[in-house]
Amino acid sequence: MTRRRGWATTWTMLRLAMAAVTIAAIAAQLTKSIGTAIELGRDVTTTIANFFSFFTILSNAAAAVVLAWIALWYLSKGRRQDPDAEPPGLAVALACVSTYMIITGIVYNSLLRGIELPQGSAPIPWSNEVLHLIGPIFLLLDVFVGPLRRALAWRSLWAVVAVPIVWVIYTMLRGPLATNPVSGDPFWYPYPFLNPNNPGGWPSVILYVIGIAGAIVAVGAFVVWWGRRRGAAAGASDDAGAAASVPSSVVSD
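### Things to note about the environment of Thr104
In step 1: As for its position among the elements, Thr104 is in helix H4 (residues 88-112).
In step 2: By relative accessible area, Thr104 is classed as buried at 4%.
In step 3: A polar contact of 3.1 Å, which involves the side chain of Thr104, links it to the side chain of Ser59.

Here it is, written out as structure tokens:
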């Protein structure tokens, strides 16, 4: 079903819609954070920098870009020919954002729901649900039913884990250099479990980082494995269809 042109077109439009809703959710929360900063006399530049230092915001922004990218690719090229897998670079990008969004949903809803994060203002309910629940669910569904997903080599898992590694390094280096515009503390970390100034200190931070890193590797490996499984199944189906279309006289020869 997922390789049929009608389904590919339908899901492509859903990808475009999800990208648009995600961008709207990010823009709405950013606008509120900036407005609150101006109203309370906080540093706007720091507020914006902190906002875009959340893994949730980065993963959702990347997901919106990739979903729009793959939709435009299909509408401009993929639809004009027999359905085929997306280009390798696009396939890797899709595997990456699928992993990041699934992790965002898992971490937020298991560890952070109900905790007010230092994003500069209270969360907008609909925006919060789009970024932490609806978007992750959509990307999870995309892994299972999204059309034309390419079977990737296992080495692509390195690309999947690279971005979270860079983000953690950036977060831990920036944390003691940034100012919390809300509390005035001379440090700022986007999530409480990454703040070594909280009870538990660095040992707690290290344990959380190891645990979440393991989850990212596990989810990324699952995304790649499932894509390989779907790609292999689709390839076997295509081969069977091609064999069925060959005249028996040719086969016998």
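What follows picks up the thread again.
### Topic: empty space enclosed by the protein
Where empty space is left can be seen by rolling a probe of water-molecule size over the atoms.
In step 1: A full pass over the atoms with the stated rule returns two cavities of 30 Å³ or more.
In step 2: Computed from the structure, the largest cavity encloses a volume of approximately 70 Å³.
In step 3: Ranked by residues supplied to the lining of the largest cavity, first place goes to helix H7 (residues 201-244) with four residues.
In step 4: For the lining of the largest cavity, the per-class residue count stands at five nonpolar, one polar and four charged.

### Digging into the pattern of salt bridges
In step 1: All chains considered together, the criterion is met by two salt bridges.
In step 2: Taking the shortest distance from any N to any O, the salt bridge between Arg15 and Asp142 comes out at 2.8 Å. Taken together, the positions of Arg15 in helix H1 (residues 5-40) and Asp142 in helix H5 (residues 125-145) put the pair 127 residues apart, joining distant regions of the chain. A single burial state applies to Arg15 and to Asp142, both of which are buried.
In step 3: Between Glu129 and Arg113 there is a salt bridge; the shortest N-O distance is 3.0 Å.

### As for the packing of aromatic side chains
In step 1: As enumerated under the stated definition, the model contains 16 aromatic pairs in all.
In step 2: Plain terms: the ring middles of Trp11 and Phe138 are 5.0 Å apart, the flat faces sit at 5° to each other, and that makes the pair stacked. On the criterion of sequence distance, the pair formed by Trp11 in helix H1 and Phe138 in helix H5 is long-range, its members being 127 residues apart.
In step 3: Here Phe138 falls in the buried class, since its relative accessible area comes to 10%.

### Observations concerning the packing of helix H3 (residues 55-76) against H4
How two helices sit against one another is set out by the angle between their axes and by the gap between those axes.
In step 1: Contact geometry for H3 and H4: axes closest at 9 Å, N-to-C directions at 145°. Crossing geometry of H3 relative to H4 is assigned as left-handed. Contacts between H3 and H4 involve Phe55, Thr56, Ser59, Asn60, Ala62, Ala63, Val66, Trp69, Ile70 and Trp73 on the former and, on the latter, Gly89, Leu90, Ala93, Leu94, Val97, Tyr100, Met101 and Thr104.
In step 2: Residues that form the contact of H3 with H4 fall into these classes: 13 nonpolar, five polar and no charged.

Rules and cut-offs
Residues numbered from 1 in each chain as written. Predicted model: local features only at pLDDT ≥ 70, side-chain atom pairs only at ≥ 80, totals over all residues. Heavy atoms only, no water. Helix = DSSP H or I, 4+ residues; strand = E, 2+ residues; numbered from the N terminus. Buried < 20%, exposed > 50% of the residue type's maximum accessible area, 1.4 Å probe, protein only. Polar contact = N/O pair within 3.5 Å; in protein donor to acceptor, adjacent residues only side chain to side chain. 1 Å grid on protein atoms, 1.4 Å probe; cavity = no way out; pocket = protein on both sides within 12 Å on 5 of 7 lines; lining within 4 Å. Points joined across faces, edges and corners; volume = space filled by probe spheres on them. Nonpolar A, V, L, I, M, F, W, Y, C, P; charged D, E, K, R; others polar. Salt bridge = Lys/Arg side-chain N within 4 Å of Asp/Glu carboxyl O. Phe/Tyr/Trp six-rings, centres within 6.5 Å; stacked < 30°, edge-to-face > 60°. Axes fitted to C-alpha atoms, helices over the stretch in contact; angles between N-to-C directions. Left-handed = near helix turned anticlockwise from the far one by under 90°. Contact = heavy atoms within 4.5 Å.

Geometry only, nothing functional implied.
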